[in-house]
Amino acid sequence: MNGPLIVQSDRTVLLEVAHPDAEDARHDLSVFAELERAPEHVHTYRITRLGLWNARAAGHTAEDMLGTLEKYSKFPVPQSVTVDIGETVARYGRIVVERDGTQLLLRGTDTAVLREVARNKKIAELLVGKRSDDVYELAEWARGEVKQQLIKLGWPAEDNAGYTPGTPHEIALDTSEWALRGYQQEAVDNFFSGGSGVVVLPCGAGKTLVGAGAMAQAKTTTLILVTNTVSARQWRDELLKRTTLTEDEIGEYSGSVKEVKPVTIATYQILTARRAGKYTHLSLLDALDWGLVVYDEVHLLPAPVFKLTAELQARRRLGLTATLVREDGREADVFSLIGPKRFDAPWKEIEAQGFISPASCYEVRVDLPQDARLEYAASADDERYRLAATAPIKLDVVHQLVAKHDGEQILVIGQYLDQIDELAKSLGAPKLTGATPVEERQRLFQAFRDGEVKVLVVSKVANFSVDLPEATVAIQVSGSYGSRQEEAQRLGRLLRPKKSGLPASFYTLVSRDTVDQDFAQNRQRFLAEQGYSYTILDSIALAA
Amino acid sequence: MASSLDLAGSLRGLDPSILEARLGERHLARPTTVHDAFDLADALLEPSSVREALTRLDRTALLVLQASRTPRPPSDLLSDVDPQFEVSVDQVDAAASRLASLFLVVVQPDGRVASLDPVSIVLDENPDLTVEALAGTRPPVVLESVDDLDPATLDARSAERLYAIVIELAEVLRAVAVAPARELAKGGLALPETRRLSEAARVDVADVAPLIGAARSAGLVELGPDGWIPTAEAEGWLQSEWSSRWASLVGAWLGSLPREILLVLDQRVDTSWGAPLRTFSEWLFPAGGQWIPERLDAFARSAELFGLTSGGRPTSVAVALLREGVSAARSLVGALMPQPIDQVYLQHDLTVVAPGPLAPSLDGRLRTIAEVESAGLAATYRISEAGIQQALSSGETEASLREFLESISSTGIPQPLGYLLTETAARHGRFRVASVVPGSDSAGLSEAARTFGAVSQVRSDDPSLVDALEADQALAPLGLRRDGDHRLLCRYDAETLYWALTDERYPVVLEDAAAAPLRSPIRRKVRRSTVAPPGNPIHDLVARLSSSAGDSAEDTERAWIIRQLDAAVKARITVQLTVAQSDGSTSTLSMEPTGVGGGRVRGRDRKSDIERTLPLSSIVAVAGPEA
């Protein structure tokens, strides 16, 4: 017994990355445990109830999971963990949602459990009749809600009630110049055999293509829900390029355009827009007989969409995401309403293809001159961050970094408009802020992509409202860029390794001994946990 | 049979410490209302108190109690115990001593053991406690399901707990060192306090009370004015190796187990400590009530916590512990514990991961610069600037820390950590805080400073740093006063000044009056003053008893007669008085007393129906009304 895993009684599992069996262990462990932190030497996974149920839904047994732990564990698996896994997994599927003709049924494979849940007030309201001790009739509209309530009670239901086929619509992949990668095809196949559910793939691993693959297999009218308009257009472009769909068949339903076509791409924002307290665009959900609903970035699904999704249970649902972890803790709702995890990324394969190589992160510490230091000390708390973040001395450092990366595509990111103006002027580079018109933005982005513009100064607002083009160097002068997993992923998407093989670089300029440094500390922790290398430099050393 | 008068007399003759220890085993409903030996005898013979005491008697003791209805020497009691109920003379002797110890029988001056009337009355209430029932009910045959677990698997399963208990308790000790665990006035910890400890020590909420109990038994925590705090022994325990820690905990726990549990275990070491133990206990203690499930549950919880059982089945360690003692168990535990490691991973996010149990000495040193984030078989620490500052204040240097980290790291020192070490060491001591002793030459205070009323100061060699400190808005509430280029004065004490600067991330050290660096103070959380822990009511009772009466038997007798007469006056009942005559003979008088005072008793003579007044000194005995 000397494997790469250490199973702790608090349900965390540590993985020693350098161990010869680490890759195999990671592969097997990710079936039922969620990756929490992935710094360079020891990764931390957590065994959660949802993780176990997701694995169970995918056909893995408790014995399989315990077998993985025992096979790769360095020490005996704590008994409490063994018992817990067995008991938790056994709770899945004791209640089944199924259909008898037009009637939805709630069937219990364990009569005592069914009796217990049927007595629950919130579930009793959803039941319209009792056929026998092990079968209740369920209201047609309550398919989603009953699953939500059941998971709260700790009895996750298996949904075998089937789906409406939707209006048939011919969709095929145009594979004249490309093909689905093996794992992408596997994700599509797993999704279809499971019914509805979530496919988890890291950024850059081709989630859109999995969506396209699912559509090509379903061959039905499809509603795609995405986070913003830019994303909607990227989806449209990708579908036009990768499938046989034409522009006439793809509609955009957003703040600016309201088209309903056999394949409609809508934003979460428009779906949840309300006027006089009412959702004004709900009719979209019934505009066509959708046979497939795709939820992009399902970990960002807004709360009101859950409610709408609860009513969409008769339609096949595909969730796409890089992580099942939600900031609002509503992972159980994703499980209940979209479906269990149907596929998780084989990281080894994707990493080997170079899609998720992390950037190198540098924190550059800048010493404030004495007068700035005194001004900082004499300031109130709310002023201190601005003073530290916009210290003029940072400008010199930006120049040094731009000079160091001469010839590369460089983004300079700031939070304060004055500072952005000054940076743009000093660097002789164009700037892009929230106030920049859309046409001007697109023009600047294109020029940046084409290499006509080497350095672009952008505000934080711009960086959040649109997808930035890829760069090899990013210099953050002010603003707390990364403090959440999502932002680290954004960083990963923004900074791709250069074709030459050199890693991309992310610099953050930090005023020493100020609150700027506190933010930096969180960033360091967070980025390192995401697997980015992290180095701290002195601005003086940089200049030398 | 003996009376409560006999019991009161025997109580008065007891050594106070013995009396206190023995009373600790009896339940007294209202100990504060007991003022003398007679009150105590009454309280001990209250039916509810007797009933409670009977629940703790095993079958042998109950049979001996039945036999002692006829006063006789202990050696003769055996003949009355049913011959089919196999007991030895020694067991009967032990049972008689136990009964006397619990004040359920009295040992008369001639050595005979006699039960007490009120005890016999309670005994007769319960049909399960007749001699026939006690002797005739055979021990239950408990059928246990046979599983295929071999002892080695069982031991392996429980091994994690053997280690976990010492780690969890260590975390609890460290948590109460930072903030004492406040004890409720009625005893125990409040739920919010339990949750706080659970969070601070990263243990289950349900385990906090047993862990504090274990620490208490082992003398590792004591009740201070603010609650439970580590004792002087705790530090040594924390430094000792794991099997030694385990042995001291379990040895103390075993010593604190109720006698009844030990009695059961003595006879049922090998069986499952779950349902079979309970069934056997219910047979062994036929009058046993609620305590059986309660105590067995508590015991089972602790046994599982200590790694002595796995799923209720005793491990080899448990069997060795009960059969051969703590040191035998410790040898087994030593082999089952994971081997300590001496190499860790240092990571870019400043975490340190020990992929196994880190040797206590390394763990202790690592904790000086890092906070523990999770502790189990593997532990995660996080190094911080504050931690490094503290280590530097405690005498470490950048070089010594670097050497230490390099020696334990299997992957070198990551760049961000190396940077942090260098940076922190370079900043260390830029600001030095010390107390100012008014009038002391070493303080070198100016006249203006003396009138300011400073009690502490912060100094720096770099005047520009002092400028920044002086301008710092966040420190304005301290009202710092500049005194020369290198010094600021403060009216708050040095520790307050130290923490205020530390909170604003200034690199500060504490110095003594001679400018020698001091260790960083431990920031204990300030607790509201707590209600003083309640006194020990039994101890107070014994103290009252000791001071309430003389020592002689005659005093006892006299006091008892007066109390009986007082009781008869209040209840307006007729009693039989034995009165001494001048010729040395005695006579009996049937009287309804109406008053006691001035050394006399006044009352109506029922036989002649006249009022009489008798000197109390002439009354030899008082008995209840004739049947």
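Residues numbered from 1 in each chain as written. Chains lettered and ligands numbered in written order. Predicted model: local features only at pLDDT ≥ 70, side-chain atom pairs only at ≥ 80, totals over all residues.

Identification of chain B as Helicase XPB/Ssl2 N-terminal domain-containing protein from Frondihabitans cladoniiphilus is taken from an unreviewed UniProt entry.

As annotated in an unreviewed UniProt entry, chain A is DNA 3'-5' helicase from Frondihabitans cladoniiphilus.

## Side note on the overall build of chain B
Heads up, the condition is: Runs of H or I in DSSP of at least four residues are treated as helices and runs of E of at least two as strands, each being numbered from the N terminus. The reference for a compact globule is 2.2 Å times residues^0.38; the radius of gyration itself is calculated from the C-alpha atoms. To sort residues by exposure, count the other C-beta atoms lying within 10 Å of each residue's C-beta; 20 or more gives buried, 12 or fewer gives exposed, and values between give partly exposed, all with C-beta atoms placed from the backbone. Whether two residues are in contact is decided by their C-beta atoms, placed from the backbone, lying within 7 Å.
In terms of regular secondary structure, chain B is built from 28 helices and 21 strands. Here the C-alpha radius of gyration of chain B, 35 Å, is well above what a compact globule of 627 residues would show, namely 25 Å. Expressed as lengths along the three principal axes of its C-alpha atoms, the size of chain B is roughly 110 × 75 × 35 Å. Within the span of chain B, comprising 627 residues, buried residues form 38% of the whole. For chain B, contacts bridging at least 24 residues in sequence account for 63% of all contacts bridging at least 6.

## Let's talk about the overall build of chain A
Tallying secondary structure elements over chain A gives 24 helices and 25 strands in all. Here chain A has a C-alpha radius of gyration of 26 Å; the compact-globule value for 544 residues is 24 Å, and the two agree. Structurally, chain A occupies a C-alpha span of about 80 × 60 × 50 Å along its principal axes. Every one of the 544 residues in chain A was classed for burial, and the buried ones make up 47%. Looking at chain A alone, contacts between residues at least 24 apart form 71% of all its contacts between residues at least 6 apart.

## Considerations on the environment of Arg 600 of chain B
Mapping Arg 600 of chain B onto the fold places it in strand β19 (residues 600-605). Residues in contact with Arg 600 of chain B, not counting those within four places in the same chain, are Thr 613, Leu 614, Pro 615 and Leu 616 of chain B.

## Quick word on the domain arrangement of chain B
Defined as follows: Domain segmentation is taken from an automatic or database assignment of domains.
Segmentation of chain B into domains returns domain 1 (4-135), domain 2 (151-336), domain 3 (345-426), domain 4 (431-510) and domain 5 (549-623). Summarising the inter-unit geometry, the C-alpha centres of domain 2 of chain B and domain 4 of chain B are found 49 Å apart.

## Remarks on unusual backbone geometry
Residue and element names in this part refer to chain A. At Arg 11, a position not held by glycine, the phi torsion is positive, near 75 degrees. Looking at the secondary structure, you find Arg 11 in the loop between β1 (5-7) and β2 (12-16). Exposure remark for Arg 11: the 18 C-beta atoms within 10 Å place this residue in the partly exposed category.

## Digging into the packing of helix α7 (residues 143-152) of chain A against helix α14 (residues 331-338) of chain A
All names here are of chain A. In plain terms, the rule: Every angle, taken between N-to-C directions, lies between 0 and 180 degrees, and every axis is a line fitted to C-alpha atoms, over only the stretch in contact when it is a helix. For classification, angles of less than 35 degrees are called roughly parallel, those exceeding 145 degrees roughly antiparallel, those between 65 and 115 degrees roughly perpendicular, and all remaining angles oblique. For any pair of crossing helices, the crossing counts as left-handed if the nearer helix is rotated counterclockwise from the farther one by less than a right angle, and right-handed if it is rotated clockwise. For this classification, the nonpolar set comprises Ala, Val, Leu, Ile, Met, Phe, Trp, Tyr, Cys and Pro, the charged set comprises Asp, Glu, Lys and Arg, and every other residue, Gly included, is treated as polar.
As a packed pair, α7 and α14 sit with axes 8 Å apart at the nearest point and diverge in direction by 140 degrees. The angle between α7 and α14 falls in the class oblique. Handedness of the crossing formed by α7 with α14: right-handed. In this structure, α7 uses Gly 144, Lys 147, Gln 148 and Ile 151 to contact α14, whose residues at the interface are Ala 332, Asp 333, Phe 335, Ser 336 and Leu 337. Considered class by class, the residues forming the contact of α7 with α14 number four nonpolar, three polar and two charged.

## Describing the interface of chain B and chain A
The interface of chain B with chain A comprises 30 residues on the first partner and 32 residues on the second. Among the elements of the structure, α10 (151-178), β8 (351-354), α23 (415-427) and α25 (463-471) of chain B are those that each provide at least two residues to the side of chain B that touches chain A. Among the elements that make up the side of chain B that touches chain A, the one with the highest residue count is α10 of chain B (five residues). For the side of chain B that touches chain A, a count of residues per class yields 13 nonpolar, 11 polar and six charged.

## Section: the packing of helix α2 (residues 49-57) of chain A against helix α4 (residues 79-91) of chain A
Residues and elements named next belong to chain A. With their axes 9 Å apart at the nearest point, α2 and α4 run at an angle of 60 degrees to one another. Judged on the interaxial angle alone, α4 and α2 are oblique. In terms of crossing hand, the pair formed by α2 and α4 is right-handed. On α4, the residues that touch Arg 49, Leu 52 and Arg 56 of α2 are Ile 85, Thr 88 and Val 89. Taken together, the residues that form the contact of α2 with α4 break down as three nonpolar, one polar and two charged.

## A few points about the sheet that holds strand β16 (residues 292-295) of chain A
All names here are of chain A. So the rule is basically this: Strand pairing requires that DSSP identify at least two bridges connecting the strands.
Pairing is parallel in the open sheet, where seven strands are placed in the order β12-β13-β11-β16-β17-β10-β18. Of all the strands in the sheet, just β12 (250-253) and β18 (341-344) have a single pairing partner and so form its edges. When the angles between neighbouring strand axes are averaged without regard to direction, this sheet yields 20 degrees. The pairing of strand β10 (residues 197-200) with strand β17 (residues 316-321) spans four bridges and is classified as parallel. Looking across to β17, one finds that Val 199 is bridged to Leu 320.

## Some details on the sheet that holds strand β6 (residues 103-108) of chain A
All names here are of chain A. One open sheet accounts for five strands, arranged β7-β8-β6-β5-β9; its pairing is mixed. Lying at the two open borders of the sheet, with one neighbouring strand each, are β7 (127-132) and β9 (157-159). When strand polarity is set aside, the average angle formed by the axes of neighbouring strands in this sheet is 30 degrees. In the sheet, strand β5 (residues 95-100) pairs with β6 via six bridges, with the strands oriented antiparallel. Residue pairing in the sheet places Glu 98 in a bridge with Leu 105 of β6.

## Here we look at the pairing of strand β9 (residues 370-375) of chain B
All names here are of chain B. With five bridges joining them, β9 and strand β10 (residues 379-383) adopt antiparallel strand pairing. Bridge pairing in β10 places Ala 375 opposite Ala 379. With antiparallel pairing between neighbouring strands as the criterion, β9 and β10 make up a hairpin whose turn holds three residues.

## Here we look at the pairing of strand β20 (residues 410-414) of chain A
Residues in a regular strand project their side chains so that they alternate between the two faces of the sheet. Residues and elements named next belong to chain A. Judged by how many residues are buried, β20 sits mostly within the fold: five of five residues are covered. Of the two faces of β20, both are covered, the one formed by Ile 410, Val 412 and Gly 414 as well as the one formed by Leu 411 and Ile 413. Note: β20 against strand β23 (residues 473-476), four bridges, orientation parallel. Bridge assignment links Leu 411 to a residue of β23, and that residue is Ala 474.

## Details of helix α26 (residues 494-503) of chain B
All names here are of chain B. Every buried residue of α26 is listed here: Ala 494, Leu 497, Tyr 498, Ala 500, Leu 501 and Thr 502. Structurally, α26 contributes buried residues whose contacts are with β11 (431-435), β12 (456-459), β14 (487-490) and β15 (508-511). Remark: Arg 505 follows α26 within two positions and exhibits a positive phi of approximately 65 degrees.

## Quick notes on the environment of Thr 272 of chain A
As for its placement among the helices and strands, Thr 272 of chain A is situated in the loop between α11 (268-271) and β14 (274-275). Not counting residues up to four positions away in its chain, the partners in contact with Thr 272 of chain A are Tyr 279, Pro 302, Pro 304 and Val 305 of chain A.

## Notes on the environment of Asp 296 of chain A
Residue and element names in this part refer to chain A. Mapped onto the fold, Asp 296 is located in the loop between β16 and α13 (303-310). Looking at Asp 296, the number of C-beta atoms within 10 Å reads 25, which means it is buried. Put simply, Asp 296 and Val 188 are 108 residues apart on the chain and 15 Å apart in space, counted from C-alpha to C-alpha.

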